[in-house]
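# Overview (structure and organization)
Here is how the chains run, residue by residue.
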Amino acid sequence: LLRSAIENVVRNGVRYTKEGTGVEVSLKNDGNRATIAISDHGGGVPAEEISKLFRPFYRVGEARDRVSGGTGLGLAIAEQAVRAHKGEIKAENVNGGLRVESKLDTIEPKRKSV
């Protein structure tokens, strides 16, 4: 599920980022939570539409007009997968693009008794 979530977000980033730019993927672990951030340079999303991005079949106005393919399910699937793992996902406009960040609790390995 998580692989599908990350793949969907990366695919969206690649689809909507401006030509000649890239999509950045980062992973951080602070010891208790892992943060996966995926950022593109596609101009971002109108502020009033960010809260709707994770709705099934929702596509931002510009995306509906483009011949970009997609059904509006990628981010909805990502949200369900992240929430199934008791995580959080959010989207925000950053540096002229969209950043989707997922936070997941890390699992500490069981320590063997000696």
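Below, the structure is looked at part by part.

Definitions and limits used
- Residues numbered from 1 in each chain as written.
- Predicted model: local features only at pLDDT ≥ 70, side-chain atom pairs only at ≥ 80, totals over all residues.
- Heavy atoms only, no water.
- Helix = DSSP H or I, 4+ residues; strand = E, 2+ residues; numbered from the N terminus.
- Buried < 20%, exposed > 50% of the residue type's maximum accessible area, 1.4 Å probe, protein only.
- Contact = heavy atoms within 4.5 Å.
- Areas by Shrake-Rupley, 256 points an atom, 1.4 Å probe, with all protein chains shown as cover.
- Pairing = 2+ DSSP bridges.
- Axes fitted to C-alpha atoms, helices over the stretch in contact; angles between N-to-C directions.

On to the overall build of the chain, then. Broken down by element type, the chain carries four helices and four strands. Across the chain, helices and strands are ordered from the amino to the carboxyl terminus as α-β-β-α-α-α-β-β. The buried share among the 114 residues of the chain stands at 38%. Taking contacts inside the chain between residues at least 6 apart in sequence as the whole, the part at least 24 apart equals 54%. Taken as a whole, the chain presents about 7,600 Å² of accessible surface, with 52% of it coming from carbon and sulfur.

This brings us to the sheet that holds strand β3 (residues 88–94). Read from one edge to the other, the open sheet built from four strands follows the order β1-β2-β4-β3, with strand pairing classed as antiparallel. The open sheet is flanked by β1 (24–29) and β3, the only strands paired with a single partner. Pairs of neighbouring strands in the sheet enclose a mean axial angle of 15°, with direction left out of account. In terms of strand pairing, β3 meets strand β4 (residues 97–105) through seven bridges, oriented antiparallel. When the bridges of β4 are listed, A91 appears paired with V100. Across the sheet, helix α1 (residues 2–16) touches β1, β2 (33–39) and β4, and the angle it forms with β2 is around 30°.

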